[in-house]
Every structure is written in C-alpha cells, then in structure tokens.
Amino acid sequence: MKNKVCVLGSINLDTTFHVERIPLPGETVSVFDKSSAPGGKGANQAVAAARSGAKVHFIGAIGNDNSGQTMFQSLKKDKIDLTNINKSDKAGTGTATIMLDKNGQNSILVYPGANKEINLTQIKNAESLIASMDFIVAQFETPIKETTLAFKIAHKHGVVTVLNPAPANYISDELLAETDIIAPNETESFAITGIKADSLSSMNKSAQYFKDKGVKVTLITLGDKGAFYSYENQAKIVPAYKVKAVDTTAAGDTFLGALSAVLKKDLSNLEAAIDYGEKASSLTVQKNGAQPSIPTYNQINKFYGGEK
C-alpha cells in the first residue's frame, strides 16, 4: 500500500554556478558553467517521495510569474497533487542561487519569495487533506507558525509529523511537542541543541534533548558517514553508501522524501527505511541538479539489487 505523504514546504527555481572552488570573502572566482533546474527543499522532498511510490500532496505557494508556472508544470509531471498550492501576487516564486565546486560541495543563497506567503488560512483550509495523510513533512523555508498549526492538525487526526529543521532556526517547544520525527543534519543539530554531533555519545545527548521536548525519533544525517537514529531503546549509525559525489544539492531532501515514501506509519521498519533513503541519496549525489538527479524506486532497486 502506498504511503500518503503531505509536504508543506518551499518551491524554488535553482540557478547553479559551477566553480573550481567556493570563493573566500572578498574573492572573485570564474564560473565555468551555469544551469537552472527545479528545486526548493519542500519540492525536492515531494518529488523524492513521489518517485519512490508515495501518493504526494503539496501545500505551498508560487509567484504569479514564469518561474512559478515552470515549477508548477515540473511538479505536475511527477503526479503530485497541487490543489493546495497558492499563487501570490505579492511576491515572486522562490529562487536559490547555488555555487558548486569541483568536489560536489555547495554554498546556497535562498530568496524565499512566495514561500513566505503561506498563511494560517491556507493551512486551516487544508485540514481535511492533512487528516487523510499518513505523514506530513515540513522544513524551515516556509513560515514556522503555519507549520506548527499544520502539525497540530496532523496530530489531532493521527498523522505522523516529520520536521526537517533546515535552514537551522529557533524551534519552539510548542512545535517540538507536535513533532514525531526530527531530521536535522549534524550542523543543524548543533545549531539547535548546542551539542556537537561528533560521536555516538554526543548524538545520544542530542537525541535526549529532543526526546525531553516530546520528539519520538531523532534522525541526524551525517553526510558520507551515514545517518544516526534514536528511537525508543535503539540508537545507532546506519552507514552511508560510498560513491563519488558530483553534486550534493538535494541529497538530504532525497533521503527524507524517499524515507517517507517507504516508512511504515508505526515506524516498525525505521532502520530499513533509513537504508533505503541512503540508497536514494547516494544516486542523487552522482548527478548534477536538484530534482533532475532524484531517482525513482525502480532505479534505486535496479542499482543496488536490494543488497547493501
């Protein structure tokens, strides 16, 4: 049975500048290539979930402009339900400017645009949709007040809430109390908890921080080292798949979207879902661009043959 996943999140049109290395402050470097592709953390996660077989619904906003139309049509190709995407006349569609070096590392500037126009009325109007879902996934590229309300509605109807606190920001105890799964990377985890995720012991302390706030599952992504998870009496690092990275853009989004597509609502297959998410992410980093690099369920299973 396919998971029903609602993504409340950002929609951006990405422009990537390919450089030899990321410039230092005050330094100018030459760009040897430039490309544009659909992106935005929310949109990336929605596409990843859809390509891994989930039935995906999106709550978001675009500008009344050409970029917005481009993004709308792009998401439509992945059969994502776009009924709850609003068009804003106040702000343009969100954009991201990415500097990508020869090692696949990036630095990103994000203009939120219409993503900040998501409002409480839009969330309230989506209650029946949220209530029909298995999971709702959100990030911090859209307003936090609206995310808090969406998670409260989700919990009222027994829907599992997944928070990707990126970019790292203040998280109220109110929002954490409504969060079932929190999924920061190691930098974001440190920014939120003040605890460096540099050992199993310190990651367990981070997990306890979140558990004390009411979070059931802490999931810290560690780049090429894998992912740490803590749930009930389990805590371990699931190793990553070793590949040569070309572009790490959307790696974390692919991981979380793919995971949400295969994770059981009772979380009984959490480690297997993490492993699947890492498979998906490992394929993403081997190609350029955000959404163009996100693999399908069949591509993931064909590449790995179901074996670690």
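Residues numbered from 1 in each chain as written. Predicted model: local features only at pLDDT ≥ 70, side-chain atom pairs only at ≥ 80, totals over all residues. Heavy atoms only, no water.

Q: I'm lost on the UniProt feature "domain: Carbohydrate kinase PfkB" (unreviewed entry) in the protein chain in this one. Help?
A: As annotated by UniProt and renumbered to match this structure, "domain: Carbohydrate kinase PfkB" (unreviewed entry) occupies residues 3–296. Within the segment residues 3–296, helix and strand shares are 34% and 27% respectively, and the terminal C-alpha atoms sit 15 Å apart. (UniProt positions renumbered as here; feature names shortened; annotations may be inferred. Helix = DSSP H or I, 4+ residues; strand = E, 2+ residues; numbered from the N terminus.)

Q: Is there a simple way to think about the environment of Val5 in this case?
A: Relative to the elements of secondary structure, Val5 occurs in strand β1 (residues 4–8). Exposure remark for Val5: the relative accessible area of 0% places this residue in the buried category. For the pair Val5 and His57, spaced 52 residues apart in sequence, the C-alpha separation works out to 6.3 Å. (Buried < 20%, exposed > 50% of the residue type's maximum accessible area, 1.4 Å probe, protein only.)

Q: What am I meant to see in the pattern of salt bridges here?
A: For side chains of opposite charge, pairing can occur when their charged atoms come near one another. Throughout the structure, instances matching the rule amount to 11 salt bridges. Linking Arg21 and Glu27 is a salt bridge whose minimum nitrogen-to-oxygen distance equals 2.4 Å. Exposure remark for Arg21: the relative accessible area of 42% places this residue in the partly exposed category. Residue Glu186 is joined to Lys225 by a salt bridge in which the shortest nitrogen-to-oxygen separation is 3.7 Å. Of this pair, Glu186 sits in helix α7 (residues 186–193) while Lys225 sits in the loop between β11 (217–221) and β12 (227–231); the two residues are 39 residues apart in sequence, bridging distant segments of the chain. (Salt bridge = Lys/Arg side-chain N within 4 Å of Asp/Glu carboxyl O.)

Q: Looking at this structure, I do not really get the nonpolar core. What am I missing?
A: Most often, soluble globular proteins keep nonpolar side chains buried together rather than apart. By size, the foremost hydrophobic cluster in this structure holds 41 residues, and its most contacted members are Phe58, Ile80 and Ile274. If one sorts the elements of this core by residue count, helix α1 (residues 41–51) sits on top with six residues. In this structure Ile80 touches Ala46, Val47, Ala50, Val56, Phe58 and Leu75, once residues within four positions along its chain are discounted. Judged by nonpolar contacts, the second largest core, of 27 residues, contains Ala114, Ala138, Phe151 and Leu176. (Core = buried A, V, L, I, M, F, W, Y, C linked by side-chain atoms within 4.5 Å. Contact = heavy atoms within 4.5 Å.)

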